[in-house]
Amino acid sequence: MGHHPRTRTSKREIREYRKVFREKSKSNKNNTNKSEEKTIFLQQEIFEITLKRLHTLGNQKFGSSPFSQHFNRWLQTIETILDEFEKQSLINIDDQFREERKQILDTIKLQLEKHQQKEADIERQINNLSGTKNRLQQTNKDYLTKTTILKNQKATALKQLNRELEILKNEQDQIVKLKTGFFRGISKKEREEKEALAVQRYMDKQQEYEVIILHFKEKQKQLKEKFENKREPLLEDIKKHQKYVKEIENDTSLEERWFTCEALKDMLNNFLQRK
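Quick caveat: nothing in here was measured; it's all calculated off a predicted structure.

How each quantity is defined
- Residues numbered from 1 in each chain as written.
- Predicted model: local features only at pLDDT ≥ 70, side-chain atom pairs only at ≥ 80, totals over all residues.
- Heavy atoms only, no water.
- Core = buried A, V, L, I, M, F, W, Y, C linked by side-chain atoms within 4.5 Å.
- Buried < 20%, exposed > 50% of the residue type's maximum accessible area, 1.4 Å probe, protein only.
- Helix = DSSP H or I, 4+ residues; strand = E, 2+ residues; numbered from the N terminus.
- Contact = heavy atoms within 4.5 Å.
- Axes fitted to C-alpha atoms, helices over the stretch in contact; angles between N-to-C directions.
- Parallel < 35°, antiparallel > 145°, perpendicular 65-115°, else oblique.
- Nonpolar A, V, L, I, M, F, W, Y, C, P; charged D, E, K, R; others polar.
- Expected span 1.5 Å × (residues − 1).
- Arc of directions from axis to C-beta.
- Phe/Tyr/Trp six-rings, centres within 6.5 Å; stacked < 30°, edge-to-face > 60°.
- Lys NZ or Arg CZ within 6 Å of the ring centre and 35° of its normal.
- Patch = residues over 30% accessible without salt bridge, like charges linked within 9 Å, V, L, I, M, F, W, Y side chains within 5 Å.
- Areas by Shrake-Rupley, 256 points an atom, 1.4 Å probe, with all protein chains shown as cover.
- Salt bridge = Lys/Arg side-chain N within 4 Å of Asp/Glu carboxyl O.
- Lys, Arg positive; Asp, Glu negative; His and termini not counted.
- Charge placed at Lys NZ, Arg CZ, Asp CG, Glu CD.
- Polar contact = N/O pair within 3.5 Å; in protein donor to acceptor, adjacent residues only side chain to side chain.

## Side note on the nonpolar core
Here is step 1: Formed by 26 residues in total, the largest nonpolar core has its most connected members in Trp-74, Ile-78 and Phe-85.
Here is step 2: Listing elements by their share of this core, those giving two or more residues are helix H1 (11-58), helix H2 (71-86), helix H3 (95-179) and helix H5 (254-274).
Here is step 3: Residue contributions to this core peak at seven residues, all from H2.
Here is step 4: When neighbours within four sequence positions are excluded, Ile-78 is seen to be in contact with Leu-54, Leu-57, Leu-105, Cys-261 and Leu-264.
Here is step 5: Leu-158, Leu-161, Ile-212 and Phe-216 belong to the second-largest nonpolar core, a separate cluster that totals five residues.

Structure, rendered in structure tokens:
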């Protein structure tokens, strides 16, 4: 059996091996660092995109009422943004993230439900406003009609009394003619009696005229009081309903939706710090 002598490695060769090993180790370490840096960069980019989308939603204003018609779409967009964030392969959410997300979304859903109910109440108030205005319009119309009828009745009654007063005035003129001697066949006593009777009849008719005026004045007063008693509550209702109308012109959910997005952004930032 032959003996094979062991080849002796020179010091120079050992130095070369060590140099190659160091360079290879350094290269592997650099590659690892670069990979980690790339992962961190991508993670931060995902976070930034998500934060910007939440910021946009937090400042979103809905165009017109009813604003509640936009609530479901807004919530679905929020959930889509969070779902897309969680599905990223570089993101590994924890239980705390899941719990905070659930609490925040449950809170805003409850708040938006209250806003939706309030809007529904306001819509009913607006419908009531329309009905109240119609009743007020009908009340004004009825008052105008009854006032016109009353004025016509008054004019007719006074016209008749004026004719009767005119007749009585003519009778008095006839009595004056009797006193001046145009009808000497009538005695003085008879003339005085006729004159007294004519004066009395004229005074009675004049008193009746004044009573009629007072009568219609009282009826007009009663008619107006009745009208005011109907009109005032309607005006108060309209005033109250109009206050609701002003409320529906503003999206009262904006502030709470903004706070929700800010809370979600804080949740993301806290999660990034934990990572």
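Now that the structure is up, let's keep going.
## Structural notes on the packing of H2 against H5
Here is step 1: As a packed pair, H2 and H5 sit with axes 12 Å apart at the nearest point and diverge in direction by 5 degrees. One way to sum up the angle between H2 and H5 is to call them roughly parallel. Seen from H2, the contacting residues are Trp-74, Ile-78, Leu-82 and Phe-85; seen from H5, they are Arg-257, Thr-260, Cys-261, Leu-264, Met-267, Leu-268 and Phe-271.
Here is step 2: Split into classes, the residues belonging to the contact of H2 with H5 amount to nine nonpolar, one polar and one charged.

## Some points on H2
Here is step 1: Helix length check: H2 (16 residues) gives 23 Å between terminal C-alpha atoms against 22 Å at 1.5 Å per residue, within 8%.
Here is step 2: For H2, the full list of buried residues reads Phe-71, Trp-74, Leu-75, Ile-78, Ile-81, Leu-82 and Phe-85. Buried residues of H2 fall within an arc of 120 degrees about the axis and therefore sit on the same side. The outward face of H2, more than 90 degrees from its buried face, is lined by the exposed residues Asn-72 and Gln-76.

## Focus on the packing of aromatic side chains
Here is step 1: On inspection of all chains with the given rule, the structure shows eight aromatic pairs.
Here is step 2: Centre to centre, the rings of Phe-62 and Phe-71 are 6.2 Å apart; their planes meet at 50 degrees, and the pair counts as tilted. Exposure class is identical for Phe-62 and Phe-71. Each is buried.
Here is step 3: Stacked on the ring of Trp-74, the Lys or Arg Arg-257 has its end atom at 5.4 Å from the ring centre.

## Observations regarding a positive patch on the surface
Here is step 1: A grouping of Lys-151, Lys-154, Lys-217 and Lys-221 is seen on the molecular surface, where their side chains present a positively charged patch.
Here is step 2: Put simply, the parts of the chain that give the positive patch at least two residues each are H3 and helix H4 (188-248).
Here is step 3: By the secondary structure assignment, Lys-217 is in helix H4.
Here is step 4: Classification of Lys-217 by relative accessible area gives exposed; the value is 60%.

## Notes on the pattern of salt bridges
Here is step 1: Overall, the coordinates contain 14 salt bridges when judged by the stated rule.
Here is step 2: The salt bridge partner of Asp-121 is Arg-124, with a shortest N-O separation of 2.0 Å. Taken together, the residues Asp-121 and Arg-124, both in helix H3 and three residues apart, mark about one turn of the helix.
Here is step 3: Exposure remark for Asp-121: the relative accessible area of 32% places this residue in the partly exposed category.
Here is step 4: The partly exposed category is assigned to Arg-124, whose relative accessible area is 45%.

## Concerning the side chain of Ser-253
Here is step 1: Secondary-structure assignment places Ser-253 in the loop between H4 and H5.
Here is step 2: Only 2.6 Å separates the side chain of Ser-253 from the side chain of Asp-251, close enough to count as a polar contact.
Here is step 3: Not counting residues up to four positions away in its chain, the partners in contact with Ser-253 are Phe-62, Phe-71, Leu-112 and His-115.

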